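# Tertiary structure, described
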Amino acid sequence: MPAASSGFHAIRQIAALPYRARGANLDAPVSVLLVTSRETKRWVIPKGNPMGSTAPHAAAALEAEEEAGVRGSVCPVPLGSYRYRKRRKTGASLMFDVEVYPLSVDEELADWKEAGERTRQWFSLAEAADKVEEPDLADLIRSFNAAEFNSAARRRSLLSAIAERSKVGPMFAWFQNLLPKTGDFFTLFETHAQSVCGASQALGRLFTDGSARAEHIREINEREHDADNIIRETLGTVRRTFLTPFDRGAITSLIGAMDDAVDEMQAAANAVDLYDFDEFEPEMKDMVAIIIDSGRLVAEALPLLRDVGANATRLHELTERLVRMEGHADELHRAGLKSAFQRFGSDPAGAMRFTVRREIFKHLERIVDAFEDVANEIDGIVIDHA
C-alpha cells in the first residue's frame, strides 16, 4: 500500500489486472496477463491516467483493451494499490500511486491499438509476481487467488494424522471403519461453489454479449440445477452424519446462502429473457462485475475451511473484501435506480421501462447480498473454530 502522506500526493493512476482460470475445476490455477512497457520492455499490467468523468474501473478496462487487447467484466472495487517511481522525459523521477481493478477476461482480440508496440503473455500468479518489478504489485498478484494456497489447505483427517504419529498402520484403518461417518462436506461446499462461479461468469457474458444470450441463459439455468442437486445432497448428508466438521446449522446456513446467490442469478437471467431486455445500464454491468469477483473470492475461501485455524487470517481478508464490495454494490443500485427514474419515472409511457430495470436491479442486489451472507457465515465459522 502507498506510504503515508508527507504533505504531497503521488500522481494517481488506474490499472487492470486481466485474469482467467486455466480449467473448469474450482481449484484450477489462475493466470494473469502481463504486457511489456513500450520503452523499457519490462513486464507490467495495463495502466494509465484517470479519464476525466470516466469511472476509474471503466478507464482501467479501456487501458486493458488498448494495451493488451482484452475485454471482459471489470470489478469496480479495486483489489488494492501499489506505488512506483517513473522517470519522465523532462528528467524528473516522480512517484505514482496505482489502483488495480480485477478484470475477468472474456475475449482476446487478434488485433488491438498497441499490438505493434507491446507483447502480451499469460503467466501463472507466481511467474507474474516474479516478472514485475514493483514489490507491492507482486504482493497483490501473489494474493489474488493462490491455487497453491488452497492446495496446502487440504489437510488430512485428524484420525489419519494420529495413525501416522502412532504408527498403528493397517490395524488403524480397520478401527476407523467402525467409527461414525463424518461426511465429505468440504467437497460438497467446493462443488457448489464451482456452480456459483460458473453461473456468475455466465451472467457476466449475458450482460456483455447479446449475440449468444440464449446460450448464456441456458448455462445459468443448468448451473442452478446443478447447485440444487448439491444442496439436496448436503442436507441429506447432514441428516445421515454423526460427526460434522462444524455446527449443523452453520453447514446448512453457509450452503443455503451460496444457493441463494445462484437462485438470484437464475432469476436475473430469466427476467432478462422474459422482458427481452438488452439495454443494460452501466450500474448493472458494474454490479455484475462485482458478482463475478465475489464468486472468485468464495471459490478461494471455501477450500480454506478445511483448516480454519491455519487459514483464519486469509479467510478474514476474503470476507472483508466481500462485505466491502456489497457496500459498493448498494451505492450502484441506488445510483442506477435514481438514474432510471429520472429518465422514465415521470413519463407514463416509460413506466414499464423503469419497472423492468428496477426488477433486474433488485435481483442483482440480492445476489450481492447473498454473497455478503456467505461472508458472514464464513466469519462465524472462523470465530467458532479458529
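This report concerns the structure included in the present document. Remember, it's a predicted structure, so these values are computed and weren't measured experimentally.

Scoring rules and cut-offs
As a convention, each chain's residues are numbered from 1 in the sequence order in which they are written. Since the coordinates come from a predicted model, pLDDT governs what is reported: local features require at least 70, and pairs of side-chain atoms require 80 or more to be given and counted, while whole-chain, interface and lining totals use all residues. Derived side-chain values reflect all non-hydrogen atoms in the structure, with water molecules and hydrogen atoms excluded from consideration. To define a nonpolar core, start from buried Ala, Val, Leu, Ile, Met, Phe, Trp, Tyr and Cys residues and group those joined through side-chain atoms within 4.5 Å. Burial classification: accessible surface area is computed with a 1.4 Å probe over protein chains only, and a residue below 20% of its type maximum counts as buried, one above 50% as exposed, and the rest as partly exposed. By definition in these notes, contact holds between two residues if any of their heavy atoms fall within 4.5 Å. Throughout, an axis means a line fitted to C-alpha atoms (over the contacting stretch in the case of helices), and angles, computed between N-to-C directions, take values from 0 to 180 degrees. Each helix is a run of DSSP H or I of at least 4 residues and each strand a run of E of at least 2, with the numbering of both proceeding from the N terminus. When describing relative orientation, an angle under 35 degrees is termed roughly parallel and one over 145 degrees roughly antiparallel, while 65 to 115 degrees is termed roughly perpendicular and anything else oblique. What makes a crossing left-handed is the near helix being turned counterclockwise from the far one by less than a right angle; a clockwise turn instead makes it right-handed. Residue polarity is assigned by list, with Asp, Glu, Lys and Arg as charged and Ala, Val, Leu, Ile, Met, Phe, Trp, Tyr, Cys and Pro as nonpolar; anything else, Gly included, falls into the polar class. For this analysis, a salt bridge means a side-chain nitrogen from Lys or Arg found within 4 Å of a carboxyl oxygen belonging to Asp or Glu.

### Here's the deal with the nonpolar core
Counting 92 residues, the largest nonpolar core has L203, F207, M265, L305 and L364 as its most contacted members. Sequence-distant contacts of F207, that is, excluding residues within four places in its chain, are made with V272, F280, M284, K285, V288, I360 and L364. With 16 residues, the next largest nonpolar core counts I14, A16, V74 and Y101 among its residues.

### Comments concerning the packing of helix 11 (residues 308–344) against helix 12 (residues 351–385)
It is at 9 Å that the axes of helix 11 and helix 12 come closest, and there the two elements cross at 165°. Classified by the interaxial angle, the pair formed by helix 11 and helix 12 is roughly antiparallel. Here helix 11 and helix 12 pass one another in a crossing that is left-handed. Each residue belonging to the contact of helix 11 with helix 12 can be placed in one class, and the counts come to 21 nonpolar, 6 polar and 10 charged.

### With respect to the pattern of salt bridges
Should their charged atoms come close, side chains of opposite charge can pair. Under the counting rule described, the total for this entry stands at 29 salt bridges. Residues E114 and R118 are paired through a salt bridge, measuring 2.5 Å at the closest nitrogen-oxygen approach. E281 is the salt-bridge partner of R357, the closest N and O atoms lying 2.6 Å from each other. Of this pair, R357 sits in helix 12 while E281 sits in the loop between helix 9 (248–274) and helix 10 (282–304), and the two are 76 residues apart along the sequence. Residue R357 is classed as buried on the basis of its relative accessible area of 3%. The exposure class assigned to E281 is buried, which follows from its relative accessible area of 7%. Within the structure, one salt-bridge network assembled from shared partners comprises R38, E67, E114, E117 and R118.

### Overview of unusual backbone geometry
The phi torsion at K41 lies on the positive side, around 65°, for a residue other than glycine. With respect to the helices and strands, K41 occurs in the loop between strand 2 (30–36) and strand 3 (43–44). Judged by its relative accessible area of 45%, K41 is partly exposed. The backbone of D276 shows a phi angle near 50°, a positive value even though the residue is not glycine. Mapped onto the secondary structure, D276 falls in the loop between helix 9 and helix 10.

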